[in-house]
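What the coordinates show
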Amino acid sequence: MEARVADLRCKEIINVADGRRFGYVGDVELDLESGRIRALVVPGRLRLFGLLGREEDQVFPWETVRRFGEDIILVEREEGAGGRSLGRRRGSRTLPEE
């Protein structure tokens, strides 16, 4: 299967374990040295129609990705596992701290 990073934005991330829908891919985290994708990022949901900002972005490490479909990406995340957060809001240009 061949795909571009731009094609990932049209795919919804769904948990294999319980069928929970997390949202659509909004961004990817790349390793610039190797050219590989490190994680998929789903933007946080709007709070009170955007008046109170957004929730934190959800980050799905590449290791959690199990399958790609035409419209969805299946990930394996245990219930209660919040994953890691970039601690940034959409449109922010800051990089996460290592």
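Relevant structure appears above.
These lines cover the structure that appears in this document, whether it is placed above or below. Remember, it's a predicted structure, so these values are computed and weren't measured experimentally.

Re the packing of aromatic side chains
Under the defined criterion, the tally for this structure stands at two aromatic pairs. The aromatic ring of Phe22 is capped on one face by Arg77, whose charged end is 5.3 Å from the ring centroid.

A short note on the sheet that holds strand β4 (residues 36-42)
Taking strand neighbours across the sheet as the criterion, the three strands line up as β3-β4-β5 in an open arrangement whose pairing is antiparallel. The two strands at the open ends of the sheet, each matched to only one other strand, are β3 (27-31) and β5 (58-61). Taking each pair of neighbouring strands and ignoring which way they run, the sheet shows an average axis angle of 25 degrees. Inspection of the sheet shows β4 paired to β5 by four bridges, in the antiparallel sense. Looking at the pairing, Val42 lines up with Gln58 of β5.

Remarks on the pattern of salt bridges
If you walk through the whole model with that rule in mind, you get three salt bridges. Between Arg66 and Glu76 there is a salt bridge; the shortest N-O distance is 2.7 Å. Here Glu76 lies in the segment after β7 (72-75) and Arg66 lies in strand β6 (residues 65-68), a separation of 10 residues in the sequence.

Section: the sheet that holds β7
With respect to topology, four strands assemble into an open sheet ordered β2-β1-β7-β6, the strand pairing being mixed. Each having just a single partner strand, β2 (21-24) and β6 make up the two edges of the open sheet. Adjacent strand axes in the sheet meet at a mean angle of 25 degrees when their direction is disregarded. Taken together, the four bridges between strand β1 (residues 12-15) and β7 define a ladder with parallel strand orientation.

Examining empty space enclosed by the protein
Applying the stated criterion across every chain yields a total of one cavity of 30 Å³ or more. Estimates place the volume of the largest cavity at around 40 Å³. Along its surface, the largest cavity is lined by Phe22, Val42, Pro43, Gly44, Arg45, Glu55, Glu56 and Gln58. A per-class count over the lining of the largest cavity returns three nonpolar, two polar and three charged.

Structural notes on the nonpolar core
Core analysis: the biggest nonpolar cluster contains 11 residues, these being Leu8, Ile13, Phe22, Val25, Val28, Leu40, Val42, Phe60, Val65, Ile73 and Val75. Every element with two or more residues in this core is listed here: β4 and β7. The contacts of Val25, once residues within four sequence positions are left out, are Leu8, Arg9, Lys11, Ile13, Val41 and Ile73.

Analysis parameters
Residues numbered from 1 in each chain as written. Predicted model: local features only at pLDDT ≥ 70, side-chain atom pairs only at ≥ 80, totals over all residues. Heavy atoms only, no water. Phe/Tyr/Trp six-rings, centres within 6.5 Å; stacked < 30°, edge-to-face > 60°. Lys NZ or Arg CZ within 6 Å of the ring centre and 35° of its normal. Pairing = 2+ DSSP bridges. Helix = DSSP H or I, 4+ residues; strand = E, 2+ residues; numbered from the N terminus. Axes fitted to C-alpha atoms, helices over the stretch in contact; angles between N-to-C directions. Salt bridge = Lys/Arg side-chain N within 4 Å of Asp/Glu carboxyl O. 1 Å grid on protein atoms, 1.4 Å probe; cavity = no way out; pocket = protein on both sides within 12 Å on 5 of 7 lines; lining within 4 Å. Points joined across faces, edges and corners; volume = space filled by probe spheres on them. Nonpolar A, V, L, I, M, F, W, Y, C, P; charged D, E, K, R; others polar. Core = buried A, V, L, I, M, F, W, Y, C linked by side-chain atoms within 4.5 Å. Buried < 20%, exposed > 50% of the residue type's maximum accessible area, 1.4 Å probe, protein only. Contact = heavy atoms within 4.5 Å.

From the geometry alone we can't say anything about function, so treat these as descriptive.
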